[in-house]
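# Analysis of the macromolecular model
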Amino acid sequence: MLAGGTLAHAQTRPPGFVVTAAGDTLRGTLRPAGAGTLSLRRPEGLSTYTTADLRAFALEPEEAYTRYQVRLADGTEAARFARPLVLGPARLLTGPTTEPTPALYLQSRGPTQLHELTPANWQLVLTQQLPLCPGFSVSAQATTSFEFSPRSLKAVVARYNKCVQPQQPAGVVPDKASGKFTFGLVAGAEAATFHYDAQSFQGITSSRRVGYQAGVFSALELPKGLMLRAELLLQQQQATFGPQPEFTGTALYSGSRIRELSFTSAKLNALIGITLGKSQTRPFVNGGLSMAAYLRKQGTETLQYSAGGPPMQVSNVGFDSRIGAGGLVGGGLEHSLASGRTLAAEIRYSYSYVDLSQSANLLSQSWGLLMRLSL
């Protein structure tokens, strides 16, 4: 009853709340801040709680967890937080965990205590704890038709409840369909090489140079760790090509040509990725496509001769406005801060192409280090 009331209460509240041991309900932005620790940001300030201090909590209205006494698989008892997956005479619940297998619990019609379900004991617990219902064999369903997963166990418990109360609707709690939006800041540096094709610089590759980028991002966090993210960055890059021998038409002196290019672009990255695990520090991988509008393209070309030749000549190089495109892949670590924010570090590889003019194009490959901070 407390779990159902807590869930209904959460639907009318802003995302995140805690119910303290004293029974006070405090609302705000609630996020994990370590093993067994939660941070709650409110206009009054930031508070930190351990799960031992709480009766219930909700990171989001759709996921409200209540504290229960649980009989664990090893026969001991302990307090655990759980939320319902199936309601009815028999209840299936799940709880937060950092383990690869889900935390699942069964509550039968009689006792209020939950029983832990594990890959080793779930068939036995279902058979022992659910009273017989004519025409439905829990043992047969559990041992022949279902595997240990939330989806499978939701089906067998819902079928059992339908047998016990055939006139009642199935009390299956819908899976969370919508995602969670986040936004924040992103900045980083990258080391890039450029392959340049132009009139006097056919097929020449630059030395590696460091560029910078900074901007904002928004992300949609989906169930099972999936993530969609868009980044809008202001990027600065530069490249040096040469020296390249210049034909002078005489053996009395020689010449060389160097071209310095500088680019400023507005870059839009569209990424899809996945975050692994539910601990405070989680690895992630992502990849996607990018489009860049080059706002500024400048360059200088220096033509220098050896002794006996003409004086050094420096001229400006201009480009038409063009749009660039490319792809990128990356991965890194995401860490939940005590403030409720998330900090991520990512190593990223990018490949892009831009047609600078009718007679010049540029290919770039870069390795970058980016930092993201959600707000």
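Residues numbered from 1 in each chain as written. Predicted model: local features only at pLDDT ≥ 70, side-chain atom pairs only at ≥ 80, totals over all residues. Heavy atoms only, no water.

### Examining the pattern of salt bridges
- In the structure shown here, the tally under the stated rule is 10 salt bridges.
- Among the ionic pairs, Glu 346 bridges to Arg 229, the shortest N-O distance being 3.6 Å. With a gap of 117 residues between them, Glu 346 in strand 21 (residues 342-357) and Arg 229 in strand 16 (residues 226-246) connect regions that are remote in the sequence. Both residues of the pair, Glu 346 and Arg 229, count as buried.
- One salt bridge in this structure joins Glu 246 and Arg 257, with 2.8 Å as the shortest N-O distance. Here Glu 246, found in strand 16, pairs with Arg 257, found in strand 17 (residues 255-275); they are 11 residues apart in sequence, far enough to count as distant.
- Among the residues examined, Arg 257 registers a relative accessible area of 12% and is labelled buried.
- Salt bridges linked by common partners bring Arg 229, Glu 231, Glu 346, Arg 348 and Arg 372 together as one network. (Salt bridge = Lys/Arg side-chain N within 4 Å of Asp/Glu carboxyl O. Helix = DSSP H or I, 4+ residues; strand = E, 2+ residues; numbered from the N terminus. Buried < 20%, exposed > 50% of the residue type's maximum accessible area, 1.4 Å probe, protein only.)

### Describing the side chain of Thr 342
- You can see Thr 342 is positioned in strand 21.
- Assessed through its relative accessible area of 16%, Thr 342 is described here as buried.
- Those residues in contact with Thr 342 that sit more than four places away from it in its chain are Arg 31, Arg 282, Glu 334, His 335, Ser 336, Arg 372, Leu 373 and Ser 374. (Contact = heavy atoms within 4.5 Å.)

### As for helix 2 (residues 122-129)
- Trp 122, Val 125 and Leu 126 are the residues of helix 2 that are buried. Each buried residue of helix 2 lies within a common arc of 100° when the element is viewed along its axis, so the set occupies one face. Within helix 2, the exposed residues directed more than 90 degrees away from the buried face are Leu 124 and Gln 128. (Arc of directions from axis to C-beta.)

### Examining the confidence of the model for the chain
- On average, residues of the chain score 83 in pLDDT, and 88% of them reach the 70 mark or higher.
- Here helix 1 (residues 2-11) is the element of the chain with the lowest mean pLDDT, 39, and strand 15 (residues 209-221) is the one with the highest, 93.
- Predicted confidence is poor over residues 1-13, with pLDDT under 50, and the contacts of this stretch with residues over four places away or in other chains come to 19 contacts. (pLDDT = per-residue confidence, 0-100.)

### Here we look at a nonpolar patch on the surface
- Side chains of Phe 183, Leu 185, Val 216, Leu 232, Leu 268, Met 291, Ile 323 and Leu 375 sit close together on the surface and give an oily, nonpolar patch of about 760 Å² of accessible area.
- With respect to the secondary-structure elements, Phe 183 resides in strand 13 (residues 180-197). (Patch = residues over 30% accessible without salt bridge, like charges linked within 9 Å, V, L, I, M, F, W, Y side chains within 5 Å. Areas by Shrake-Rupley, 256 points an atom, 1.4 Å probe, with all protein chains shown as cover.)

### Section: the packing of aromatic side chains
- Taken as a whole and assessed by the stated rule, the structure comprises 7 aromatic pairs.
- Between Phe 194 and Phe 263 the ring centres are 6.3 Å apart and the planes differ by 35°, which places this aromatic pair in the tilted class. Of the two residues, Phe 194 sits in strand 13 while Phe 263 sits in strand 17, which places them 69 residues apart along the sequence.
- Here the aromatic rings of Phe 263 and Tyr 294 are separated by 6.0 Å at their centres, their planes lie at 80°, and the arrangement is edge-to-face. In this pair, Phe 263 is assigned in strand 17 and Tyr 294 in strand 18 (residues 281-305), connecting sequence segments 31 residues apart.
- Judged by relative accessible area, Tyr 294 falls into the buried class, the value being 11%.
- Taken together, the ring pairs in this structure connect Phe 57, Tyr 65 and Phe 81 into an aromatic cluster. (Phe/Tyr/Trp six-rings, centres within 6.5 Å; stacked < 30°, edge-to-face > 60°.)

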